[in-house]
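# Fold and geometry: a report
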Amino acid sequence: MELGEGLLRWFVLWFVNFYDEQLGFIDYIIQSWEQIVDYTANHFLLVFIVMFFSLIFWISIGLLISRYDSLATGAFSVGNLLFCIPSISLFGIFITIPMLGLGRTSAALALILYAMMPMVRNVYRGIKSVDWGIIDAARGMGMTARQILFRVQIPIALPVIFAGIRITTVMITGMAAVATFIGERNLGRLIHHGIARESSDMIIAGAILVSFIALLLDYLLGKIERRIASPGLRYDHQDEIT
Amino acid sequence: MIVLDEVTKIFPGAREPAVDRVSFQVTEGNICVFVGPSGCGKTTILRMINRLEEPTDGDIYIKGERVKDKHVNADELRREIGYVIQQVGLLPHQTVEQNVALVPRLLKWPADKIRSRVAELLQMVGLDPQEISHKYPYQLSGGMMQRVGVARALAADPPIMLMDEPFGAVDPIVRERLQDEFLRLQKELKKTICFVTHDINEAIKMGDHIVILAAGKLIQHGTPREILTAPANDFVKDLIGENKEIKLLELTRAAELVKPQAELPPALSSNGCCVQSIDPVQRALEIMLKENSDTVGVRDGDELIGAISWAAIKEYINAINANI
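Just so it is clear, the structure is predicted and the values come from calculations on it, not from any experiment. (Residues numbered from 1 in each chain as written. Chains lettered and ligands numbered in written order. Predicted model: local features only at pLDDT ≥ 70, side-chain atom pairs only at ≥ 80, totals over all residues.)

### Topic: the packing of helix α3 (residues 33–67) of chain A against helix α8 (residues 145–176) of chain A
All names here are of chain A. Contact geometry for α3 and α8: axes closest at 10 Å, N-to-C directions at 135 degrees. Relative to α8, the element α3 is oriented oblique. The handedness of the crossing between α3 and α8 is right-handed. On α8, the residues touching His43, Leu46, Val47, Val50, Met51 and Ser54 of α3 are Thr168, Thr169, Ile172, Thr173 and Ala176. Within the contact of α3 with α8, the residues separate by chemical class into six nonpolar, five polar and no charged. (Axes fitted to C-alpha atoms, helices over the stretch in contact; angles between N-to-C directions. Helix = DSSP H or I, 4+ residues; strand = E, 2+ residues; numbered from the N terminus. Parallel < 35°, antiparallel > 145°, perpendicular 65-115°, else oblique. Left-handed = near helix turned anticlockwise from the far one by under 90°. Contact = placed C-beta atoms within 7 Å. Nonpolar A, V, L, I, M, F, W, Y, C, P; charged D, E, K, R; others polar.)

### Topic: the pairing of strand β13 (residues 303–309) of chain B
All names here are of chain B. In terms of strand pairing, strand β12 (residues 295–300) meets β13 through six bridges, oriented antiparallel. Pairing of valine 298 across the sheet is with glycine 306, part of β13. Hairpin connection between β12 and β13: a loop of two residues separates the two successive antiparallel strands, and glycine 301 in this loop has a positive phi of roughly 70 degrees. (Pairing = 2+ DSSP bridges.)

### Focus on the interface of chain A and chain B
At the interface, 19 residues of chain A touch 20 residues of chain B. Of all the elements in the fold, those that place two or more residues in the side of chain A that touches chain B are α7 (132–140) and α8 of chain A. Sort the elements by how many residues they give to the side of chain A that touches chain B and α7 of chain A lands first, with six residues. Of the residues contributing to the side of chain A that touches chain B, the split by class is 10 nonpolar, six polar and three charged.

### So, the packing of helix α2 (residues 24–31) of chain A against helix α10 (residues 200–228) of chain A
Residues and elements named next belong to chain A. With their axes 8 Å apart at the nearest point, α2 and α10 run at an angle of 80 degrees to one another. The orientation of α2 relative to α10 falls into the category roughly perpendicular. When α2 is examined against α10, the residues Gly24, Phe25, Tyr28 and Ile29 are found in contact with a partner set consisting of Asp201, Met202, Ile204, Ala205 and Ile208. Classifying every residue of the contact of α2 with α10 gives seven nonpolar, one polar and one charged.

### Focus: unusual backbone geometry
One non-glycine residue, glutamate 198 of chain A, adopts positive backbone phi at about 50 degrees. Relative to the helices and strands, glutamate 198 of chain A resides in the loop between α9 (188–196) and α10. With 8 C-beta atoms counted inside 10 Å, the residue glutamate 198 of chain A sits in the exposed group. At lysine 63 of chain B, a residue that is not glycine, the phi angle is positive and equals roughly 50 degrees. Mapped onto the secondary structure, lysine 63 of chain B falls in the loop between β4 (57–62) and β5 (65–66). Using a count of 12 C-beta atoms within 10 Å as the deciding quantity, one classes lysine 63 of chain B as exposed. (Buried ≥ 20, exposed ≤ 12 C-beta atoms within 10 Å, placed from the backbone.)

### A look at the environment of threonine 229 of chain B
Residue and element names in this part refer to chain B. By secondary structure assignment, the location of threonine 229 is in helix α11 (residues 224–229). Classification of threonine 229 as partly exposed rests on a count of 17 C-beta atoms within 10 Å. On a C-alpha basis, the gap between threonine 229 and isoleucine 320 in space is 6.6 Å, while along the polypeptide they are 91 residues apart.

### Observations concerning the nonpolar core
Judged by nonpolar contacts, the single largest core of 144 residues is most densely connected at Leu111 of chain A together with Val33 and Cys194 of chain B. The dominant element in this core, judged by the number of residues it contributes, is helix α6 (residues 104–128) of chain A, at 15 residues. Residues contacting cysteine 194 of chain B, with those up to four places away along its chain left out, are Ile2, Val26, Cys32, Phe34, Leu46, Ile49 and Leu162 of chain B. (Core = buried A, V, L, I, M, F, W, Y, C linked by C-beta atoms within 7 Å.)

### Section: the sheet that holds β13 of chain B
Residue and element names in this part refer to chain B. The mixed open sheet is built from three strands, whose spatial order is β11-β12-β13. Bordering the open sheet on either side are β11 (274–276) and β13, each of which pairs with just one other strand. Mean inter-strand twist for the sheet, computed between neighbouring axes without regard to direction, equals 35 degrees.

### Some points on the sheet that holds strand β7 (residues 160–164) of chain B
Residue and element names in this part refer to chain B. Read from one edge of the open sheet, six strands run β6-β7-β8-β3-β9-β10, paired in mixed fashion. Single-partner strands in this sheet number two, and they are β6 (81–85) and β10 (217–222). Strand-to-strand, the axes of this sheet are offset by a mean angle of 15 degrees, without reference to chain direction. With five bridges joining them, strand β9 (residues 209–214) and β10 adopt antiparallel strand pairing. Residue alanine 214 lies in a different strand from β10, and its bridge partner there is lysine 217.

This is the structure in structure tokens:
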């Protein structure tokens, strides 16, 4: 009883103390609401630009290497290599390139390169995971190579491709915060300035908002996936959907 | 209908040909079964007929036309040939209805014609269209999937069907039933069918004509009875196995061994000791053993036409064995 009571006391004290100190970020958000809305909008915009071009480029590349297997190893090596560069130095490299410099173009290009590895890999894996018997039957029925790609392989690979899109979106949302160092005025700036000013409220506000955006986008993409992926695949790919 | 002329297939990098100068023909409306151990080239031959593989040498003709010249591209040829494989290969993201409608859609049939054709086909293969049309393949049992696979191959009413171990992936009881139903269906449809199996019993049961292959070479071809009564060599004998007499009795219809008999012992006709004249003799034998009787009555419909005796069966088998 003694011990239990002691623990409870300690917990209550900790709880009160925690809220007293840590919930300051809510006050902070309310105070600087307009600026935060501006940062959030910029954050969304950057993620949107990056994902838009990533979908176009990397899905095409993924489909291409699933057709021409000899290119696959090369594409994966490039993707992995890019993925290994610390984000801050990749941003750094881009601002040294003439015409790009500080700003959104550099930030977007660097993030698009980061997106290559998870996107290309999932598209390739998804297309390749389609059972050989299904492709063979489709060919035997007289479907052309193009019909097989668009009516068989892509629809069946959709859950795996979507998994890649979701992972990439979450990752890019987090990484976009780092782009604050090359002039992006987004939620990363809250964290950056918070560190500079030793303000835990700012840091926590920034971190929580970035995570919230990531979770929200992941949730929305999950909804879209449910809408467009065939219910016939839910059984097959249950592990990959979650 | 289908003619193979000195067809050879050598896969890139392989030292031995997968198919080595094989020639035979498949008669219209027949089931021709390719049988042999795995790697004997039976599947490769099947896949060359609809040009999923191209022969290295030799020609394949369908209705007198060279397959190579028949269509500019192979996809159009394949839409005219039904194709069923062991893995079934139903599209998992499409419903049963969409799967069966695959080829008609490729051929751009009007939607209402497709719908009624799908319902007709599902009924034909023994499935309830109402119940099953909107299910996805993962919701079906192995036997149902295989039926849908057959319905899909029949969708555009192709004159030729290629079937690669179509009943290989289901359990023996379901397989037997699918075989029986398919044979009944074939009696009406009269398709020209190439059927691949490694199971000689399935070959004997399904085939009007059997082609035996080993290591890419044609070993023997003929009707099941010819194969059983005159095996070309030891390989064929081994393939047939020990109980060829029983298999023969399965092939022989009761009508062939029936002896007219003016009157039967009353016990025979009363207690069900009878077979139909189209039943296999094997069935008569089973009844003899079960009922402990030396003779079994033979009926044609309701009319009694005679009886089969144990002595007649023995005589028949001995005569064949003496010939070998």
